[in-house]
Amino acid sequence: MTVQELAEKLSLKVLAGRESLDREVTGGYTGDLLSWVMSRLPENAAWFTVMGNINAVAVASLKDAACIVLTDSAPFDEEALEKARQLDFPVLLSEQNSYELGLKVAELLR
Amino acid sequence: MNNTLSFDYIVPGDDFTRAGEASSDVKHKLKQIGYDPDAIRRVAIAMYEGEINMVIHAGGGKAHVEISPEKIEMILADHGPGIRDIDLAMREGYSTAPDKVRALGFGAGMGMSNMKKCSDTMEIDTKVGKGTTLRMTVLAKKKQ
């Protein structure tokens, strides 16, 4: 499944990285403590988090995650948006929480 | 014949908007070279954590990276407050990060242990009140 398909199926709003929506999503991960996520976020995962700052973008990109999905309508900083655009890294937004979205991704990837 | 590439970075203190730039650049360079992906992953984590620590605790510092076909060496040096108790600092979950930093998602107390796990060798030379120099090596072959 691509990030584009994920966005369509989960009704996610694309905030950044429109040119990279063809990235492959092979799993998911949730977490908000960056060092924790840094050591565990799998490659090509959709990362569900409420941490919408520039450092989250750095972690996701360093770990080659497929995309960041901001959950619970969490805010996304201006400078984080700038960074994500610069890296063309996909950042998506949802009103739903990480648990609800995780369930759906698991279903889609089954 | 010298097959070593070396790079130097200035890590700015208290600037979270630029934290991760050095590790991101090193990762990018290693990818371009076509370095072993597992080594790249470990270097990216170890160096990012080191960089973040310098930003949070030490008012910034310098990073020196040497890349050879066999290994990657990272030397992170700062003139920060030093580490009072290394064993405690290495413990997962232990953190001295201030609240404003925790609000950004740091301070899980995983940084030092992440560095240890991802590197093949790690040496810490620290003096309280003087600063810390951290040397880490990641071998091109996977750590067993």
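Above: the structure in question.
Attention in this report is confined to the structure presented alongside it. (Residues numbered from 1 in each chain as written. Chains lettered and ligands numbered in written order. Predicted model: local features only at pLDDT ≥ 70, side-chain atom pairs only at ≥ 80, totals over all residues.)

The subject of this paragraph is helix α1 (residues 21-33) of chain B. Taking 1.5 Å per residue as the helical rise, α1(B) with its 13 residues ought to reach 18 Å, and the 18 Å between its terminal C-alpha atoms agrees with that figure. Buried within α1(B) we find A22(B), S23(B), V26(B), K27(B) and L30(B). End-on view of α1(B): buried residues confined to an arc of 135°, all on one side of the axis. Across α1(B) from its buried face, at more than 90 degrees, point the exposed residues H28(B) and Q32(B). Tucked inside the fold, the buried residues of α1(B) contact α3 (54-62) of chain A together with β1 (5-12), α2 (37-57) and β2 (60-67) of chain B. (Helix = DSSP H or I, 4+ residues; strand = E, 2+ residues; numbered from the N terminus. Expected span 1.5 Å × (residues − 1). Buried ≥ 20, exposed ≤ 12 C-beta atoms within 10 Å, placed from the backbone. Arc of directions from axis to C-beta. Contact = placed C-beta atoms within 7 Å.)

What is expected of a backbone is that most residues other than glycine have negative phi and most peptide bonds are trans. Residue and element names in this part refer to chain A. If you check the backbone angles, D64 has positive phi at about 55° while not being a glycine. Turning to its location among the elements, D64 is positioned in the loop between α3 and β4 (67-70). A count of 18 C-beta atoms within 10 Å places D64 in the partly exposed class. Its identity is not glycine, yet S73 carries a phi of approximately 55°, on the positive side. Secondary-structure assignment places S73 in the loop between β4 and α4 (78-87).

Residues and elements named next belong to chain A. Of the two faces of strand β2 (residues 27-30), the one holding G28 and T30 is buried and the one holding G27 and Y29 is not buried anywhere. Bridge count between β2 and strand β3 (residues 45-49): four bridges; the pairing is parallel. What sits directly across from Y29, in β3, is W47. One crossover worth recording links β2 to the parallel β3 by way of helix α2 (residues 34-40), and it is right-handed. (Pairing = 2+ DSSP bridges. Right-handed = clockwise from strand over helix to strand, strands pointing away.)

In the contact formed by α3(A) and α1(B), the axes pass within 11 Å of each other and the chain directions differ by 20°. It follows that α3(A) is roughly parallel to α1(B) by the angle criterion. α3(A) and α1(B) meet at a crossing whose hand is left-handed. Together, A58(A), S61(A) and L62(A) of α3(A) and S23(B), S24(B) and K27(B) of α1(B) make up the contact between the two elements. Residue composition of the contact of α3(A) with α1(B), by class: two nonpolar, three polar and one charged. (Axes fitted to C-alpha atoms, helices over the stretch in contact; angles between N-to-C directions. Parallel < 35°, antiparallel > 145°, perpendicular 65-115°, else oblique. Left-handed = near helix turned anticlockwise from the far one by under 90°. Nonpolar A, V, L, I, M, F, W, Y, C, P; charged D, E, K, R; others polar.)

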